[in-house]
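Here is how the chains run, residue by residue.
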Amino acid sequence: MTDLAVRSRAYTPSANVSQLKESATVAVSARAKALRASGRQVIDLGVGEPDFDTPAFIRRAAQRAIDAGATRYTAMEGILPLRQAIARDATELALAPNPWSDPADRPSAPVTEGQVVVSTGSKQSLFNACFVLFGAGDEVLVPTPSWTSYYEMIALARATAVPVLGEPERGLKVTAEQLAASATPRTRGVILNSPCNPTGAVYSGEELAAILELAAARDWWVISDEIYLQITYDAPAPSALQLARSRDRLVVVNGVAKSHAMTGWRIGWAISPPAVARAMTALQSHTTSNAAAVSQHAALAALTERDEAEVAVRAMVDRFRTRRDAAIAMLREAPGLRFVHPDGAFYLYLDVGQVPTADGDAGTAFARYVLDRHDVAVVPGSAFLTPRWVRLAYAAPDDQVAAGLSRVVAAYGDLVGAAG
Ligand code: PLP
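Values in this document were obtained by computation on a predicted structure and should not be read as measured data. (Residues numbered from 1 in each chain as written. Predicted model: local features only at pLDDT ≥ 70, side-chain atom pairs only at ≥ 80, totals over all residues. Heavy atoms only, no water.)

### Notes on the overall build of the protein chain
The line we're drawing: Here a strand is any run of E in DSSP of at least two residues, a helix any run of H or I of at least four, and the numbering for each starts at the N terminus. For this measure, only C-alpha atoms enter the radius of gyration; the expected value for a globule follows 2.2 Å times N^0.38, where N is the number of residues. To sort residues, take the accessible area from a 1.4 Å probe on protein chains only and compare it with the maximum for the residue type: under 20% means buried, over 50% means exposed, and anything in between is partly exposed. The contact rule is simple, with two residues in contact once any of their heavy atoms fall within 4.5 Å. Values of accessible area rely on a 1.4 Å probe in the Shrake-Rupley scheme; residue burial ignores everything except the protein chains shown. Counting rule for charge: Lys and Arg are taken as positive, Asp and Glu as negative, and neither His nor the chain ends is counted. Charged side chains are reduced to one point each, which is NZ for Lys, CZ for Arg, CG for Asp and CD for Glu.
The helix and strand tally for the protein chain stands at 13 helices and 13 strands. Against the 2.2 N^0.38 benchmark of 22 Å for 420 residues, the protein chain shows a C-alpha radius of gyration of 21 Å, consistent with a compact globule. Taken along its principal axes, the extent of the C-alpha atoms in the protein chain is 60 × 55 × 55 Å. Relative to its 420 residues, the protein chain shows a buried fraction of 55%. Partitioning the contacts of the protein chain with sequence separation of at least 6, the portion at a separation of at least 24 is 76%. Element-wise, carbon and sulfur atoms account for 53% of the exposed surface of the protein chain, whose accessible area totals about 17,900 Å². For the protein chain, the distance from the average site of its 40 positive side-chain charges to the average site of its 43 negative ones is 5 Å.

### Details of the site of the ligand
Formally: One heavy atom suffices: a residue is near a molecule or strand as soon as one of its heavy atoms comes within 4 Å of it. Identification of polar contacts relies on pairs of N or O atoms within 3.5 Å, with a donor-acceptor requirement for protein atoms, meaning one able to donate a hydrogen and the other able to accept it, and with residues adjacent in sequence counted only if both atoms are side-chain atoms. Just so you know the grouping, Ala, Val, Leu, Ile, Met, Phe, Trp, Tyr, Cys and Pro go in nonpolar, Asp, Glu, Lys and Arg go in charged, and all remaining residues, Gly too, go in polar.
The ligand sits among 14 residues. The nearest are Asn-197, Asp-225, Tyr-228, Lys-258 and Arg-266. Between an oxygen atom of the ligand and a side-chain N or O atom of Tyr-228, the distance comes to 2.7 Å. Between Lys-258 and the ligand, the recorded distance is 2.7 Å, taken from a side-chain N or O atom to an oxygen atom. For the ligand, whose accessible area on its own is 400 Å², the fraction buried by protein is 92%. With four residues, the single largest contributor to the shell around the ligand is helix H4 (residues 121-133). Split by residue class, the shell around the ligand holds six nonpolar, four polar and four charged.

### A closer look at the nonpolar core
Note the threshold: Throughout this description, the term nonpolar core refers to a set of buried Ala, Val, Leu, Ile, Met, Phe, Trp, Tyr and Cys residues connected via side-chain atoms within 4.5 Å.
Leu-82, Ile-86, Val-118, Leu-179, Val-256 and Trp-269 are the most contacted members of the largest nonpolar core, which has 50 residues in total. Take this core: its biggest share by element is six residues, from helix H3 (residues 80-95). Non-local contacts of Ile-86, meaning those with residues more than four positions away in its chain, are made with Val-116, Val-118, Trp-269, Ile-271 and Leu-303. Residues Leu-45, Leu-348, Val-355 and Ala-393 belong to the second largest nonpolar core, which totals 44 residues.

### A look at the sheet that holds strand E4 (residues 160-165)
Filter applied, for reference: The criterion for strand pairing is that DSSP finds at least two bridges linking the strands in question. A fitted line through C-alpha atoms serves as each axis, taken over the contacting stretch for helices, and the angle formed by two N-to-C directions is quoted from 0 to 180°.
Strands sit in the order E2-E8-E7-E6-E5-E3-E4 across an open sheet of seven strands; the sheet is mixed. Of all the strands in the sheet, just strand E2 (116-120) and E4 have a single pairing partner and so form its edges. Averaged over all adjacent pairs, the angle separating strand axes in this sheet is 20°, with direction ignored. As defined by bridge partners, E2 adjoins strand E8 (residues 267-271) across five bridges and the pair is classed as antiparallel. Bridge pairing in E8 places Val-118 opposite Trp-269.

### Some details on unusual backbone geometry
Between Ser-194 and Pro-195 the backbone carries a cis peptide bond, its omega angle lying at -10°. Within the element layout of this structure, Pro-195 appears in the loop between strand E5 (187-193) and helix H7 (205-218). Pro-198 follows Asn-197 through a cis peptide bond whose omega is 25°. Along the polypeptide, Pro-198 turns up in the loop between E5 and H7.

### Points about H3
For clarity, the threshold we go by: Any helix carries an expected span of 1.5 Å times its number of residues minus one.
The terminal C-alpha atoms of H3 lie 22 Å apart, and with 16 residues this matches the ideal 22 Å at 1.5 Å per residue to within 8%. Listed as buried for H3 are Leu-82, Arg-83, Ala-85, Ile-86, Ala-87, Ala-90, Thr-91 and Ala-94.

### A look at the sheet that holds strand E12 (residues 379-380)
Spatially, the four strands line up as an open sheet ordered E9-E10-E13-E12, and their pairing is antiparallel. Each of the sheet's edge strands pairs with one partner strand only, and the pair in question is strand E9 (338-339) and E12. Of the pairings in the sheet, the one linking strand E10 (residues 347-351) to strand E13 (residues 389-393) comprises five bridges and is antiparallel in character. Note on E13: the bridge partner recorded for Asp-351 is Trp-389.

### Some remarks on the pattern of salt bridges
Using the following cut-off: Salt-bridge detection follows one rule: a side-chain nitrogen of Lys or Arg within 4 Å of a carboxyl oxygen of Asp or Glu.
One pass over the full model with this rule turns up 20 salt bridges. Arg-324 is the salt-bridge partner of Asp-234, the closest N and O atoms lying 3.1 Å from each other. Taken together, the residues Asp-234 in the loop between strand E6 (221-225) and helix H8 (240-243) and Arg-324 in helix H11 (residues 306-333) connect sequence positions 90 residues apart. Overall, the relative accessible area of 5% leaves Arg-324 in the buried class.

Here is the structure:
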């Protein structure tokens, strides 16, 4: 990650951004693109973006919406039918029977559209939530490794991110006990992400419930980033909406980018108590205003044309599952290469800590080697505060995932074999 604080004569970063790091995932992708432009056949397993086209029924709905005049400002918090559809889905999820918790232990009230704010991608929803909930002097627990932007968003809110490291034996997930041990009187919240980027690990109902109990007992805010909730392979992933005894201090973030192959449309949302929703709407009204009108209509189709959506999402998840299974089979053949078993999302997290390095950052050394010598882009674990690991995304065509992974395994053999 590059620190913006590298000054030039023409520009001294303001205090707001002097600590801000450029996204390492974007940096890897940019380097892969540059190598490609120079004629190299680079396989990009760096970027976390589904390789599928947005389903046709969603594209058609967007075209119809443009022709019907969805070209103007909308309500800051998003168009009413979209917020209603989001609230309906959230209510169904929260109130339906589930294997993890008794309905008597959960709120029985429906989620309402007044609790929903639609934003320009779930990234903006997460930023809004961090900005309106946390401030100077606050500490926010971040189970680590985690998506790189949480740390930066918390810092932009002038709060302090407190990484809490998961154990490899538990798929790098953290326990309620570990979070409790990292808490101080200044702790104000925790950001959860299951299924997890970068590991693909999924918190069980029990694990998640224990964390939610702890947060409730300490009066912490919980931001639950559930952007990969629909992308699971062996069993459904529990949502905080299904487990929380109260939603008074809960913000659930989701979107259509990953599940519906809609990254470029930029639609995400947050479900929160109404007062928080109002604060996020006010923040958004002074920054970006509404998310793009046509994209909101596309997301509306994704949520309301349910039969078509179900078929499309299932087809994509099936493709991811096939790739994941093939990848796991290959990794099991690689001697000594440890990885987190991926139950969801579309990432593989590999432990390359045995790769010899001068500075202890094995992930970066490995990522550099595999890109320069084997033409495969992967993301070094230092981007997720765990430098002995690297992240691969299997959101690329099947043949590229297979070819890329076999080169990664070969590179590991080169480096660790050479060391041993
Ligand atoms: N949350 C996580 C864990 C992600 O991995 C990403 C994207 O990579 C996002 C949020 C942002 O998604 P969106 O495209 O909806 O802004």
